[in-house]
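Understanding the architecture of this molecule
Okay, here's what each chain looks like letter by letter:
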Amino acid sequence: MKKALLASILGVAFPAFAQSTTQAPSSLPNTTIVELKLGFYQPRVKDSPGVTGDPYVETFGNSAMLLGGVEVDRSFYHGYGYLGLSVSVSYAEKYAKALLADGTPSGEATGLIVLPIRVMAVYRYDVLAHVFHIPLVPYAEIGGIAYPWWTNKGGMTETVDGQKGSGLRFGWGFTAGLALEMDFLNPSYAREAREDSGIYHFYLFGEFNDDFANNFGAAGINLGAAYFTFGLAFEF
Amino acid sequence: MRPLLAALLLLPAVGTAQTLSVTINSAITYGTNVNPVLAFNASGCSSNITGSWTGTGLTTACTSLQLWITNTTCAATPNTTVAPVDYIFYTQAAGNLVGGLTTDTFSFTASVLPGFAAGALDGGNTSCGSVSDFTNYVCGAVTLNTATSGCTGTVVQPTTINGLRYDNVPPDPPTINIVPLDSQLSVRLSPDALTPVVDVQYYLVQYALQSTDGGTYDGGTLNYTPVGGNIAASNAAVSISNLVNGDVYSIQGFTVDEASNVSTTPTTVTGSPVMTTGFYANYLNDGGQVGGCGDSAGGAPSALALGALLALVLARRRG
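A brief look at the structure comes next. Because the structure is predicted, anything quoted here is derived from the model rather than measured.

A few words on helix H5 (residues 187-197) of chain A. Across the eleven residues of H5 of chain A, zero count as buried, placing the element largely on the outside. Phi turns positive, to about 75°, at Gly198 of chain A, one or two residues after H5 of chain A.

Listed below in C-alpha cells is the structure:
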C-alpha cells in the first residue's frame, strides 16, 4: 500500500517514473569513474595531543590550504546502485614567512605540505538517474586514509632539535556527496560521447569530507579536517 | 600568365640556391646579441682564432672567395684604402670553387684585428694592450658569373655576421643583497649600475667568518671560502648554509664579464644568520608531540590497521 502511494507520488512529480516503477533496476556494466576535484582544507592541528595554541593559524593565519586531487572509483556491483572501491590522491600546501624572535616576518618561507591518500568503499545511488531519470546521484564513501606530510623552511625540510618535521599519519574518513549527471543538458552529445569515447556520463559534484588523520588518537600531529571539495567526474 | 607564375616560383629558388656561411669556433650568442660573438681579453691576444666556411652553389664563382675582418660593417668587398683597413685573412681561388670546393677551415691570430690599429693602414699587428674595448666583424664575399650580367651580378655574402670582441676592461663588482635566514645567508647579486647585464658572464662569491656572536671584527686576515662556483648571471643567487646564527660573516662578490675579465676589487658586505620559527617549530613550541610513522613509534599499528582494512576490501571484492 505504502509502496503504491510512493510510486504514485513520484509518478506525478516525475512522469518518467510512472513508466519504470514496474521494472527493477537491471544489472549495469561495471564502470570506472574518474574525478578531478578542488577544495579548501584546513587541518585540525590545534586538536593534536598536548597542543595548547593553534600553530596552523599562528603560522599561516586563518586561511585554508588549496587542495587538488584525483579519484578513481571502480564498481564491483552495479545494479541497485553502484558499489565499489575508490582510491584518491590529493595535494595541498600552504606557505607563509617564518617568524623572527620578535614575531615579525623573516626573509624565509615556511610551509606545510600534505598528500592525502584515501582508499574507500563507495556507494553511489545512481538508481535515481538510471531508473527515474532524475539526474542526481547521491553517494557516500568510508575507508582508510594515509597522510604523508612534510614541512619546509628555507627550502628544506624543517628540523627542530634534530626532529624532522615530516611523517605519515593514518586514520579513517568518510565522504557524503551529490553528483549532477550532465547528460540531460545535451542528450545527443552524451550519446555521441558514449559511442565515440566510451564515456557513459559526465558529472558535476560537490562533497563533504571528514578525515581523522591522527593515528587513531595516538601522539603526533593531527592533520584531519572537515572540508568540502567540488569537481568534475567522467564515468567510463 | 603561366610564364609569370613560373618566374615567381623560380625566384625564391634562385635566391636560396647560393649560400655562404662562416663559423667562428667558440663564438656564442649571449645577452641581446642576435649573432654569435667571440669575446676575449689581453690574455687571449696571441691565441689563434679558428673557424670554417661552407658554401653552396658556388660553382659559377668568377672571383676568389675572400674572408676579412672589419672595424665597421661588412660590405661587398673589403676596405683596403681607408684606415683602419680591413684585414683579409683568407682567400680561395675561384677555380677551386668552380671545381667543387664547398668548405674549408681558417685560422688567424687575435692580434691582427683592425680594432687594434685604429689610424694605421697595416690592419693590426699592434700591441693588444693599446686599446681597451672594441668589436670587429667577420665578413666574406664571392661573386658569381651570371648569364645576364657577367661577373658583376650576384655577390654571395654570409647572412650571419660573427662578432669578435676585444674587452680588456675589468667589470665593476656586483651589487650584493643579503637576506639573513636560519643558519643561512641568501646572497643575491645584480650588475653594478654601470655594467650592462649582457656583459656579465658569471659571478664569484666567497665568504669568511668575521666575528662570533655579534662581536667586533678585530681586523685580522679573513680566510675566505668560495661558494656556489660560477654563478650564472641569469639566476644570480646563492645560499651559504651551515652557518651559526648570530655570527658575523663577510661576503665578497666579483663579476666576470664575457671576455673573462674579473672585477679588480670585490664588493664586500657583512651578514648574520638569524633564528627563525617555522610551522613545525610553532607546533612543538605550542606543546605538540613528535609521533607518527616516519618520525616516531605509533605509526606501525596504524599501518597495520590500514593494511587490514585494505585486505578486507580486496577480499570482499574477490568473493
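Structure's up, so let's keep going.
Residues and elements named next belong to chain B. Reading across the sheet, the four strands line up as E13-E12-E15-E16 and stay open at both edges, with antiparallel pairing between neighbours. Each having just a single partner strand, strand E13 (225-232) and strand E16 (267-271) make up the two edges of the open sheet. Across this sheet, the average inter-strand angle for adjacent strands is 25°, counted without regard to direction. Judged from the five bridges that link them, strand E12 (residues 200-211) and E13 form a sheet pairing that is antiparallel. Within E13, the residue paired with Val205 across the bridge is Val227.

The biggest cluster of nonpolar side chains holds 31 residues, and the ones touching the most others in it are Leu38, Ile69 and Val142 of chain B. Breaking this core down by element, the ones donating at least two residues are strand E1 (19-24), strand E2 (37-40), strand E3 (48-56), strand E4 (65-70), strand E5 (87-92), strand E7 (133-146) and strand E9 (163-167) of chain B. Of the residues forming this core, the biggest block, five residues, is contributed by E7 of chain B. Excluding residues within four positions of it along the chain, Ile69 of chain B makes contact with Asp86, Tyr87, Phe89, Leu113, Pro114, Asn136, Tyr137, Val138 and Leu164 of chain B. Counting 28 residues, the second largest nonpolar core, distinct from the first, contains Tyr41, Trp172 and Phe212 of chain A together with Leu284 of chain B.

All names here are of chain B. As summarised here, the arrangement of the three strands in space is E10-E11-E14, forming an open sheet in which the pairing is antiparallel. Two strands close off the open sheet at either side, each with one partner strand: strand E10 (175-181) and strand E14 (237-240). Strand-to-strand twist of the sheet, defined as the mean angle between neighbouring strand axes without regard to direction, takes the value 20°. One ladder, built from seven bridges, connects E10 with strand E11 (residues 184-190); its direction is antiparallel. Of the residues in E11, the one forming a bridge with Leu181 is Gln184.

Quick look at unusual backbone geometry now. Unlike most non-glycine residues, Asp161 of chain A shows phi in positive territory, near 50°. If you trace the backbone, Asp161 of chain A turns up in the loop between strand E7 (159-160) and strand E8 (163-164). The backbone of Ser260 of chain B shows a phi angle near 70°, a positive value even though the residue is not glycine. You can see Ser260 of chain B is positioned in the loop between strand E15 (248-257) and E16. Here Ser260 of chain B falls in the partly exposed class, since 14 other C-beta atoms lie within 10 Å of it.

So, on to the interface of chain B and chain A. The accessible area lost on association of the parts is a frequent measure of interface size. Facing the 38 residues of chain B at the interface are 46 residues of chain A. Considering each element in turn, the side of chain B that touches chain A owes the most residues, nine residues, to helix H4 (residues 299-318) of chain B. Split into classes, the residues belonging to the side of chain B that touches chain A amount to 18 nonpolar, 16 polar and four charged.

Rules used throughout
Residues numbered from 1 in each chain as written. Chains lettered and ligands numbered in written order. Predicted model: local features only at pLDDT ≥ 70, side-chain atom pairs only at ≥ 80, totals over all residues. Buried ≥ 20, exposed ≤ 12 C-beta atoms within 10 Å, placed from the backbone. Helix = DSSP H or I, 4+ residues; strand = E, 2+ residues; numbered from the N terminus. Pairing = 2+ DSSP bridges. Axes fitted to C-alpha atoms, helices over the stretch in contact; angles between N-to-C directions. Core = buried A, V, L, I, M, F, W, Y, C linked by C-beta atoms within 7 Å. Contact = placed C-beta atoms within 7 Å. Nonpolar A, V, L, I, M, F, W, Y, C, P; charged D, E, K, R; others polar.

In short, geometric facts, not functional conclusions.
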